[in-house]
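Spelled out from the first residue to the last, the chains are:
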Amino acid sequence: MRGLLSPAQNTVGAFILNWCTAVHLKINIFAWRTELDRIPTRQALFKRKVNINSVCCPLCSKNVESVEHLFTSCFYATMLWGYISTWCKIPPMYVFSVRDILKLREAILEDTKKRKAFEVIILVALWSIRKLRNKVVFGGKRVVLWRLYEERKCTSYSCSIVEHMET
Ligand SMILES: [Zn+2]
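The structure presented is a predicted model; accordingly, all values stated were derived computationally and were not measured.

What to know about the side chain of T72
Here is step 1 of the chain: Its location among the elements puts T72 in helix α4 (residues 67-73).
Here is step 2 of the chain: Excluding residues within four positions of it along the chain, T72 makes contact with V67, A77, T78, W81, V95, F96, S97, V98 and I101.

Here it is as structure tokens:
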């Protein structure tokens, strides 16, 4: 029993998220909470016995909305990561968890400046997925089309998803 509580055991699975100073603190905190699976997805709400109409992903309506689904395997997420890998000229991003996404910034680019820019892009992308999700859930809108800003429009904050919603 004592062995289970040793420091070595406690660090298993631990992931230290380095704060990115180029994005707002709330985006860092959001990424941290997302990696810990501490955001209120429909699956999480259902597990907490919150009365919700559906556990389906509000974006694609094809799977249970879990953190992994929303940010990695949802059609819209895969579309976004595909666009980002093309835009950043990196190999296709095969991610299965938010941790995989956050680790990409350390593994993909050796150039410090590029790595920092990439870090901003993925953090903002995570934030944008959540923002869109909330607009659909709380705004009662339906996703009609997603597209990403064209490269010329991209800045650290605007390298994001543009949602075209039905009004
Ligand atoms: Zn989905």
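Considerations on the coordination of the zinc ion
Here is step 1 of the chain: Looking at the zinc ion, the protein donor atoms are C57 (SG), C60 (SG), H69 (NE2) and C74 (SG), and they sit 2.1 to 2.3 Å from it.
Here is step 2 of the chain: For the zinc ion, the four donor atoms are set out with angles of 100 to 116 degrees between them, so the coordination reads as tetrahedral.
Here is step 3 of the chain: Mapped onto the sequence, the donors of the zinc ion take the spacing C-x2-C-x8-H-x4-C. Highlighted residues: C57 in the loop between α3 (42-47) and α4 and H69 in helix α4, separated in sequence by twelve residues. By the burial criterion, C57 is buried, and H69 matches it.

Digging into the side chain of S97
Here is step 1 of the chain: Positionally, S97 belongs in the loop between α5 (75-87) and α6 (98-107).
Here is step 2 of the chain: According to the relative accessible area criterion, S97 is buried, its value standing at 18%.
Here is step 3 of the chain: For S97, the residues in contact, after removing those within four places along its chain, are E68 and T72.

Side note on the packing of α5 against helix α7 (residues 112-139)
Here is step 1 of the chain: The contact between α5 and α7 brings their axes to 11 Å, and the two run at 160 degrees. It follows from the interaxial angle that α5 and α7 lie roughly antiparallel. Relative to α7, the crossing made by α5 is right-handed. Residue-level contacts link A77, L80, W81, I84 and W87 of α5 to F118, I121, I122, A125, L126 and I129 of α7.
Here is step 2 of the chain: Broken down by class, the residue content of the contact of α5 with α7 amounts to eleven nonpolar, no polar and no charged.

Definitions and limits used
- Residues numbered from 1 in each chain as written.
- Predicted model: local features only at pLDDT ≥ 70, side-chain atom pairs only at ≥ 80, totals over all residues.
- Heavy atoms only, no water.
- Helix = DSSP H or I, 4+ residues; strand = E, 2+ residues; numbered from the N terminus.
- Contact = heavy atoms within 4.5 Å.
- Donors = N, O, S within 2.8 Å, 3.2 Å for Na, K, Ca; no water.
- Tetrahedral: all angles 85-135°; square planar, octahedral: opposite > 155°, others 65-115°.
- Buried < 20%, exposed > 50% of the residue type's maximum accessible area, 1.4 Å probe, protein only.
- Axes fitted to C-alpha atoms, helices over the stretch in contact; angles between N-to-C directions.
- Parallel < 35°, antiparallel > 145°, perpendicular 65-115°, else oblique.
- Left-handed = near helix turned anticlockwise from the far one by under 90°.
- Nonpolar A, V, L, I, M, F, W, Y, C, P; charged D, E, K, R; others polar.

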